[in-house]
Amino acid sequence: MTLDRFYPIFDSADWIERLVPLGIKLVQLRMKDRDSTDIRQHIQRSQSLCDAHGCELIINDHWQTAIEQGCRFVHLGQGDLDQADLGAIRAAGLRLGISTHDKSELARALDVVPDYVALGPIYPTILKQMKWHAQGVDRLKTWRQQIGDIPLVAIGGMTVERAKSAFAAGADVVAAVTDITLDDNPEAKVRAWLAATR
């Protein structure tokens, strides 16, 4: 499976509606601490917009709602794997991406036969508190050797400037969050990402 090399992650349909029309072809909706009705509405809005723009939408965590809404792709963290019904996810035809941070998590992810493996944080990140220190670009080389042809996503502290080294180390895809959402001009930052990854 081939994924677009640029993979922004947003916490609302508002961001997706604002930025996907610029040319984004792969995006994640990652909503935490919201009620189920709100999440469902944001998924519906995001899926509609992404369908109109030929963009692959990946839903973080909320796999049951993703199935209900006819989505095609979900992302699960290691904690989410504990509660997820992988049989139901596969039966619904959803593709699956999984977060990994260490070798034991990678082994667990590979047992599930994911459609991509994410490694992070590559660099220090302000998105959330993590028990893992920055992995560094060299860890991508190790993961690349371990996972074969499965797409590898680099995440955590990624910027346009850092993307080149991540790709050189074996990442197929680079995910970005705060580099876009905290920028004074998110549209310009997305255009810079697109220029650097196409």
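Residues numbered from 1 in each chain as written. Predicted model: local features only at pLDDT ≥ 70, side-chain atom pairs only at ≥ 80, totals over all residues. Heavy atoms only, no water.

Novice: I would appreciate a short explanation of the environment of Thr-65 in the present structure.
Specialist: Along the chain, Thr-65 falls in helix α3 (residues 63-68). Sequence-wise, Thr-65 and Thr-178 are 113 residues apart; in three dimensions their C-alpha atoms are separated by 25 Å. Setting aside its immediate chain neighbours within four residues, Thr-65 contacts Arg-40 and Ile-43. (Helix = DSSP H or I, 4+ residues; strand = E, 2+ residues; numbered from the N terminus. Contact = heavy atoms within 4.5 Å.)

Novice: Hey, could you run me through the environment of Lys-103 in this one?
Specialist: Mapped onto the fold, Lys-103 is located in helix α6 (residues 103-112). In sequence terms Lys-103 and Pro-151 are 48 residues apart; their C-alpha atoms lie 17 Å from each other.

Novice: Before we go on, may I ask you to explain the pattern of salt bridges in this structure?
Specialist: Pairing between side chains of opposite charge can happen when their charged atoms approach one another. Here the structure, examined in full by the defined rule, presents 16 salt bridges. Taking the shortest distance from any N to any O, the salt bridge between Arg-95 and Glu-56 comes out at 3.1 Å. Of this pair, Arg-95 sits in strand β5 (residues 95-100) while Glu-56 is found in strand β3 (residues 56-60), placing the two residues 39 residues apart along the sequence. According to the relative accessible area criterion, Glu-56 is buried, its value standing at 16%. For Arg-108, the salt bridge is made with Asp-82, and the minimal N-O distance between the two is 2.6 Å. In this pair, Arg-108 is assigned in helix α6 and Asp-82 in helix α4 (residues 78-83), connecting sequence segments 26 residues apart. Judged by its relative accessible area of 52%, Asp-82 is exposed. (Salt bridge = Lys/Arg side-chain N within 4 Å of Asp/Glu carboxyl O. Buried < 20%, exposed > 50% of the residue type's maximum accessible area, 1.4 Å probe, protein only.)

Novice: Please explain the pairing of strand β2 (residues 26-29) as it appears in this structure.
Specialist: Remember that side chains alternate between the two faces of the sheet whenever the strand is regular. Burial of the side chains of β2 extends over both faces: Leu-26 and Gln-28 are buried on one face and Val-27 and Leu-29 on the other. Pairing between strand β1 (residues 6-10) and β2: 2 bridges, direction parallel. Bridging from a neighbouring strand, Phe-10 pairs with Leu-29 of β2. Read from β1 through helix α1 (residues 13-19) to β2, the crossover connection turns out right-handed. Here 4 bridges tie β2 to β3, and the two strands are oriented parallel to one another. Each bridged residue has a counterpart across the sheet, and for Val-27 the counterpart in β3 is Leu-57. In the classification by handedness, the crossover that spans β2, the intervening helix α2 (residues 36-52) and the parallel β3 is right-handed. (Pairing = 2+ DSSP bridges. Right-handed = clockwise from strand over helix to strand, strands pointing away.)

Novice: Just checking my understanding: could you explain the packing of aromatic side chains for this structure?
Specialist: Aromatic rings in a pair are described by how distant their centres are and how their planes are angled relative to each other. Enumeration over the complete set of coordinates arrives at 4 aromatic pairs. Both rings, one in Tyr-7 and one in Tyr-116, keep their centres 5.8 Å apart while their planes meet at 80°; by these two values the pair is edge-to-face. You can see Tyr-7 sitting in strand β1 and its partner Tyr-116 sitting in strand β6 (residues 116-119), a full 109 residues away along the chain. Following the ring pairs from residue to residue traces out a cluster consisting of Tyr-7, Phe-73 and Tyr-116. Arg-5 extends its terminal NZ or CZ atom over the ring of Phe-167, reaching a point 3.8 Å from the ring centre. Over the aromatic face of Tyr-123 sits the side chain of Arg-162, whose NZ or CZ is 4.0 Å from the ring centroid. (Phe/Tyr/Trp six-rings, centres within 6.5 Å; stacked < 30°, edge-to-face > 60°. Lys NZ or Arg CZ within 6 Å of the ring centre and 35° of its normal.)

Novice: Which parts of the structure should I look at to understand unusual backbone geometry?
Specialist: Keep in mind that most residues, glycine aside, have a negative phi and that most peptide bonds are trans. A cis geometry characterises the amide bond from Gly-120 onward to Pro-121, with omega recorded as -10°. With respect to the element layout, Pro-121 can be found in the loop between β6 and α7 (137-147). Backbone geometry at Asp-33 places phi at a positive 55°, although glycine is not the residue there. Mapped onto the elements, Asp-33 comes out in the loop between β2 and α2. Here Asp-33 falls in the exposed class, since its relative accessible area comes to 82%. Positioned with a positive phi, Asp-61 is a non-glycine residue whose angle comes to about 75°. With respect to the helices and strands, Asp-61 occurs in the loop between β3 and α3.

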